[in-house]
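Structural overview for review
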Amino acid sequence: MRSFVNPQDLGDLQKAMQEALEIKNDRFKYQHLGKNKTLMMIFFNNSLRTRLSTQKAAMNLGMNVIVLDVNAGAWKLETERGVIMDGDKAEHLLEAIPVMACYCDMIGVRSFAGLSDREYDYAETVLNQFLKYSGKPVFAMETATVHPLQAFADLITMEESWAKDNGHSLDNFDFNHKKMKAVLTWAPHCRALPQAVPNSYVQWMLAAPDVELVVTHPHGYELDPKFLEYTNPATGEVRRAVVEYDQRKAFEGADFIYAKNWSCPGVTEPADYGKILSKDMSWTVDTEHMSWTNNGKFLHCLPVRRGLIVTDDVIESPNSLVIPEAANREISCSVVIKRMLESL
Amino acid sequence: MRSFVNPQDLGDLQKAMQEALEIKNDRFKYQHLGKNKTLMMIFFNNSLRTRLSTQKAAMNLGMNVIVLDVNAGAWKLETERGVIMDGDKAEHLLEAIPVMACYCDMIGVRSFAGLSDREYDYAETVLNQFLKYSGKPVFAMETATVHPLQAFADLITMEESWAKDNGHSLDNFDFNHKKMKAVLTWAPHCRALPQAVPNSYVQWMLAAPDVELVVTHPHGYELDPKFLEYTNPATGEVRRAVVEYDQRKAFEGADFIYAKNWSCPGVTEPADYGKILSKDMSWTVDTEHMSWTNNGKFLHCLPVRRGLIVTDDVIESPNSLVIPEAANREISCSVVIKRMLESL
Amino acid sequence: MRSFVNPQDLGDLQKAMQEALEIKNDRFKYQHLGKNKTLMMIFFNNSLRTRLSTQKAAMNLGMNVIVLDVNAGAWKLETERGVIMDGDKAEHLLEAIPVMACYCDMIGVRSFAGLSDREYDYAETVLNQFLKYSGKPVFAMETATVHPLQAFADLITMEESWAKDNGHSLDNFDFNHKKMKAVLTWAPHCRALPQAVPNSYVQWMLAAPDVELVVTHPHGYELDPKFLEYTNPATGEVRRAVVEYDQRKAFEGADFIYAKNWSCPGVTEPADYGKILSKDMSWTVDTEHMSWTNNGKFLHCLPVRRGLIVTDDVIESPNSLVIPEAANREISCSVVIKRMLESL
């Protein structure tokens, strides 16, 4: 595997899930693969969970890790040709990226959406530059529009919980069991946030054949259509997310509630891209919301602002999966790094 | 060992000293213990010696190390329930701590006293949150009121020096030899400093049966009573520090002078907590001060401001132990990490 | 080897080149040397290439690495005796350096020229303090006046290219082949830059018997005389750089063009030290400049400002060696660290 951006990059998702569960049983099993191999983690934006879990996964696999914190503001790369570089851009990406790449075997990149230029963000400019010019395997550690390590960890967490609650074994994992209903719900927030997490969550839930996904949000928060539709790379089958604007209706019978805020994706009104359109606190997930579900489990990628996204009671309840979900970031990342090591 | 805050946490101090000397003879002897184990060092405040020595100790023991610099100003954790988190606190400690903990096997925490709220500082709020919510072994890398890695290193340094000067062997170390007189002396400084180092020094010297401790400082600098008294966990014996306000009288016959500034502990006048009550330069340790001692050795935890705490002549003299004292930070920390690895 | 500052520190340069090529063939061959050894990298200035390549080289050799970023502005060390340290300098170098050294086996130091005090810069004050007070092997990761890891990597890159173009083998490398003409050319820049890179490049090219060096720059940019002359430590033979103020004349017949900006070295006019004397864009290396050469290769240490130092066409041409040159930083550093490990 040379790039990890979308669920399709993993090929057969059932096999990837089996590998995840195998690695969770023995995190150090593939440690020989990483010997004398170096992962470079490049952060254009801050990170806590992603940095820690990725570093841990790489160390589990025997790799050396170099962390590079690039202040997105301070380190500006020129991307054009023909420019006299006498301003604040001290290096051209055509030098910077190959140079970083020459000291490592694999690259993880974090680069958030700026939320001001939709075209630039949705073109995944930074990520694609690394894919194009580094010559090394590259995985997304949350980029402008996707956060696949999170969504893969979300799926693992849901499958573990579902298997436990339904009494089926995780040995020799397959998707062929009772389907679960998952709801991605928008919730209010005080700051404008990117769409990377909801985009990837939708993608991955559509890729998992045992999940029936409903997306619910106020009008204007429609996600980009390319994420609402998923084509199975093996069968060509197309699955589409159901969008339900009535949050209560969406929650009814849900087995999993995935709460997340995002700012306007600018699909219906491009001029609104990155804006906060609503702070409607009736969308905050509280015990009443959860009472509409089928004794649903609660997920969130963290960090979470209590009182806005979710109440204390819900996030602290036994049905809250947020901590195991965070812990599974180490597992999803281990599968990705293992696959990339095998491809070297 | 699941926590390291006070000397009692080590159990039998004589045995801990034996381990320290054993590890100093072969720093890599217990390297197998740390294989595939990860230490997370969390710094809410800057660090030089502590960061370097702890990282070195963990690597000696074969561990992986993740360093997390948390800007105490920038990363504010909500600690209350029922709050709508729409302000500057982006995460609740009930999520943040378990998440950090889930990517490691052991945690070191540095979090200084703020020196404005005595109750908050002396409650060791941050440290105790990690002890309570992380589920992992936690050791203090200088917290609001204690710096046990330093004090343990101080004790090792004094015992080594004392054994050398008195011609007794360090093999099969025991405390049963000629007693040494140690003096903790306040000295002036231009900034208000916490009491963590003097608090722990007093605790550890009271825990060492071969040390007779005298504490000297201007009026108003009385340390918190809980540190001036030590109960031996095995025998129940209580030892108390002698306080002597006359610095010269305190120094007479001293074998070890431990100089340190601290701000007002607020014991007699709570309103003075964290204030500088004196800049009296007659307390600066110079050659005349040292001439009152029994050819005493000089210690300081570093960094030290020359001319305020101590003169050039004293700190550069052959009787100065500040560099071996700093080097022993690697040893004290190795014992702590080894004990925690054994408890996993 | 206890210090690495000048080419003489490597002893026989031919043997060092052989080691470099041997290590490039098998980067992990000497991994046993670094077991349980720790490199401390101390950065008083920012770094990308140097940090990454040095960390990689140390890990290749099996070492542990501790990176210490010292904000040159924030961490001020007192260097004088007899001072009452009640200002912004919180630590004396006589404590700080031995303490940093006691937690490692080897030190790399980066500390740029301040470009305001020529005497201070050219005395290599910071580097020499580490050499004098650390008691550990120390190598320069670009200091006030030299950047030997870069110049050694430059030489390796030129030899590889020369061997390939002339069809001679790199096995059992020796300097006894057709000579190459190398030109160090000044080029304009928008900021005042140190002279470390050109100083070291001149030194190393004079140390390589197969290189004929010409230095070209506008009047006033004369490099310090001590770098323009090289005495072979084995034979006592003295070689001097040729200075040619006519850039075109210098370029004629050149096999390698090494472009670099530097600010005024203050040799003829000490008051001009660190100033920008010229921004003459006729010195920018473009395709016309390269047409004067013998199908010359282009080198630059990076980062490079396109349009000022070199045009897009030249740096992207097949004759540009800037990426392999950066990659060879891992190799030059590996030789240096290996030598130091062998000396422990």
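Position numbers for residues count from 1 along each chain, tracking the sequence in the order it is written. A letter from A marks each chain and a number from 1 marks each ligand, given out in the order of writing. The predicted origin of the model limits local features to residues at a pLDDT of at least 70 and limits the giving and counting of side-chain atom pairs to 80 or more, whereas totals for whole chains, interfaces and linings rest on all residues. Where side-chain values are given, they derive from all heavy atoms of the structure, hydrogens and water being excluded.

An unreviewed UniProt entry lists chain A under the name Acetylornithine carbamoyltransferase, with Palleniella muris as the source organism.

1. Some details on the pattern of salt bridges
Heads up, the rule is: Here, a salt bridge means any Lys or Arg side-chain nitrogen found within 4 Å of an Asp or Glu carboxyl oxygen. Classification of residues uses two cut-offs on accessible area relative to the type maximum, computed with a 1.4 Å probe and protein chains only: under 20% is buried, over 50% is exposed, and between them is partly exposed. Going along the chain from the N terminus, every DSSP run of H or I of four or more residues is numbered as a helix, and every run of E of two or more is numbered as a strand.
The tally for this structure, following the rule as stated, stands at 57 salt bridges over all chains. Its salt-bridge partner being D272(B), residue K275(B) comes within 3.9 Å of it at the nearest N-O pair. The exposure class of K275(B) is partly exposed, given its relative accessible area of 42%. The partly exposed category is assigned to D272(B), whose relative accessible area is 21%. Put simply, D224(C) and R118(C) hold a salt bridge, and the shortest N to O gap is 2.7 Å. Residue D224(C) is found in the loop between β9 (211-216) and β10 (229-231), and its partner R118(C) is found in helix α4 (residues 118-122); the two are separated by 106 residues along the sequence.

2. Remarks on the interface of chain A and chain B
In plain terms, the rule: Note on contacts: a residue pair is in contact if any heavy atoms of the two residues lie within 4.5 Å. Buried area: the accessible surface (1.4 Å probe) lost by two parts on joining, summed over both. Pairing of N or O atoms within 3.5 Å defines a polar contact, subject to two protein rules: one partner must be a possible hydrogen donor and the other a possible acceptor, and residues neighboring in sequence count only if both atoms are side-chain atoms. Residues are sorted three ways: Asp, Glu, Lys and Arg are charged, Ala, Val, Leu, Ile, Met, Phe, Trp, Tyr, Cys and Pro are nonpolar, and all the rest, Gly among them, are polar.
Listed per partner, the contact involves 28 residues of chain A and 28 residues of chain B. In total, about 2500 Å² of surface goes out of reach between chain A and chain B, with carbon and sulfur atoms giving 58% of it. Of all residues in chain A, the largest losses of buried area upon contact with chain B belong to L52(A), R305(A) and R306(A), amounting jointly to 26% of the total for that side. One can count four salt bridges joining chain A with chain B. Two residues, R81(B) and D313(A), come together in a salt bridge whose shortest N-O distance is 3.4 Å. Our enumeration of links across chain A and chain B arrives at twelve residue pairs in polar contact (both at pLDDT 80 or more). Elements with a contribution of two residues or more to the side of chain A that touches chain B: α2 (49-60), α10 (312-315) and α11 (322-343) of chain A. It is α2(A) that provides the largest number of residues to the side of chain A that touches chain B, a total of seven residues. When its residues are assigned to classes, the side of chain A that touches chain B shows 14 nonpolar, four polar and ten charged.

3. Examining the relation of the copies chain A and chain C
Convention followed: Copies overlap after least-squares fitting; the atoms used are the C-alpha atoms of residues with pLDDT of at least 70 in both.
Of the transformation superimposing chain A on chain C, the axial component is 0.0 Å and the angular component is 120 degrees, with the fit at an RMSD of 0.0 Å. Viewed as a symmetry operation, the transformation between the two copies matches a three-fold axis. Measuring from the rotation axis to each C-alpha of chain A, the shortest distance belongs to N64(A), at 5.9 Å.

4. Side note on helix α2 (residues 49-60) of chain B
Residue and element names in this part refer to chain B. Our working definition: Helices are assigned an expected span. That span is 1.5 Å times one less than the residue count.
An ideal rise of 1.5 Å per residue puts 16 Å on twelve residues; α2 measures up with 16 Å between its terminal C-alpha atoms. In terms of burial, α2 is largely enclosed, as twelve of its twelve residues are buried. Note on α2: the residue one or two positions beyond its end, G62, has a positive phi of about 80 degrees.

5. Comments concerning the interface of chain A and chain C
If you look at the interface, chain A gives 28 residues, while chain C gives 29 residues. Between chain A and chain C, roughly 2500 Å² of surface is buried when both sides are summed, and carbon and sulfur atoms account for 58% of that area. At the junction of chain A and chain C, the tally comes to four salt bridges. The partner of E316(C) in a salt bridge is R81(A), and the shortest N-O contact between them spans 2.9 Å. Joining chain A to chain C, the criterion identifies twelve residue pairs in polar contact (both at pLDDT 80 or more).

6. Observations regarding the side chain of T54(B)
Mapped onto the elements of the fold, T54(B) is located in helix α2. Ignoring any residue separated from it by four or fewer positions in sequence, one finds T54(B) in contact with L39(B), M41(B), F139(B), M141(B), L149(B), C333(B) and I337(B).

7. Quick notes on the sheet that holds strand β6 (residues 106-110) of chain B
Condition: In this analysis, strands are considered paired if DSSP registers two or more bridges between them. Axes here refer to lines fitted to C-alpha atoms; in helices the fit is confined to the stretch in contact. Angles between the N-to-C directions go from 0 to 180 degrees.
The strand order β1-β7-β6-β2-β3 (chain B) describes an open sheet built from five strands, whose pairing is parallel. Among the strands making up the open sheet, the edge pair consists of β1 (3-4) and β3 (64-69) of chain B. Summarising the sheet, strand β2 (residues 38-43) of chain B and β6(B) pair through five bridges and their orientation is parallel. Note on β6(B): the bridge partner recorded for F43(B) is R110(B). Contacting β2 and β3 of chain B, α2(A) runs over the sheet at an angle of about 170 degrees to β3(B).

8. Topic: the pairing of strand β6 (residues 106-110) of chain A
Residues and elements named next belong to chain A. Summarising burial for β6: five of the five residues are buried, a large majority. Here β6 shows no split at all, with M106, G108 and R110 on one side and I107 and V109 on the other all buried. Here β6 pairs with strand β7 (residues 138-140) via three bridges, running parallel. Within the sheet, the bridge partner assigned to I107 lies in β7 and is V138.

9. Here's the deal with the side chain of E159(C)
Residue and element names in this part refer to chain C. Short version of the rule: His is not counted, nor are the chain ends; Lys and Arg add positive charge and Asp and Glu add negative charge.
In this structure, E159 sits in helix α6 (residues 148-166). Although E159 lies buried, it forms no salt bridge, and the closest oppositely charged side chain, R239, sits 9.3 Å away as judged by the N-O distance. A polar contact is formed between the side chain of E159 and the side chain of H177, at a distance of 3.5 Å. Setting aside chain neighbours within four positions, we find E159 in contact with M17, L170, F173, F175, H177, M180 and D210.

10. Some remarks on the domain arrangement of chain A
All names here are of chain A. Defined as follows: As used throughout, domain bounds are those supplied by an automatic or database domain assignment.
Split into domains, chain A comes out as domain 1 (3-145 + 329-343) and domain 2 (150-326). Put simply, the middle of domain 1 and the middle of domain 2, counted by C-alpha atoms, are 25 Å apart. For the pairing of domain 1 and domain 2, the buried interface totals around 2900 Å² over both sides, and the portion due to carbon and sulfur atoms is 63%. Remark: the boundary between domain 1 and domain 2 carries two salt bridges. Taken together, the connections running from domain 1 to domain 2 amount to twelve residue pairs in polar contact (both at pLDDT 80 or more). At the level of elements, α1 (13-25), α4 (118-122) and α11 are the ones that each hand at least two residues to the side of domain 1 that touches domain 2. Counting residues per element, the side of domain 1 that touches domain 2 draws most heavily on α1, which supplies eight residues. When grouped by side-chain class, the residues that make up the side of domain 1 that touches domain 2 number 14 nonpolar, eight polar and eight charged.

11. Some details on the packing of aromatic side chains
The condition that has to hold: Stacked, edge-to-face and tilted are the three classes for Phe, Tyr and Trp ring pairs, Trp counted by its six-membered ring, which pair at centre distances within 6.5 Å; planes under 30 degrees apart are stacked, over 60 edge-to-face, the rest tilted. Each ring is checked for a lysine NZ or an arginine CZ that lies within 6 Å of its centre and within 35 degrees of its normal; such an atom marks a charge sitting over the ring.
Scanning the entire structure with this criterion turns up 33 aromatic pairs over all chains. When the centroid spacing of 4.0 Å and the interplanar angle of 20 degrees are considered together, the rings of Y201(A) and Y258(A) count as stacked. Highlighted residues: Y201(A) in helix α7 (residues 196-207) and Y258(A) in strand β13 (residues 256-260), separated in sequence by 57 residues. Residue Y201(A) shares its accessibility class with Y258(A), and that shared class is buried. Pairing F251(B) with W292(B) gives two aromatic rings, centres 6.1 Å apart and planes at 75 degrees, and the pair type is edge-to-face. Residue F251(B) is found in helix α8 (residues 247-251), and its partner W292(B) is found in the loop between α9 (287-291) and β14 (297-299); the two are separated by 41 residues along the sequence. Three or more aromatic residues joined by ring pairs make a cluster, and in this case those are F4(A), F152(A) and W204(A). In this structure, R118(A) packs its charged tip against the face of Y122(A), placed 4.2 Å from the ring centre.

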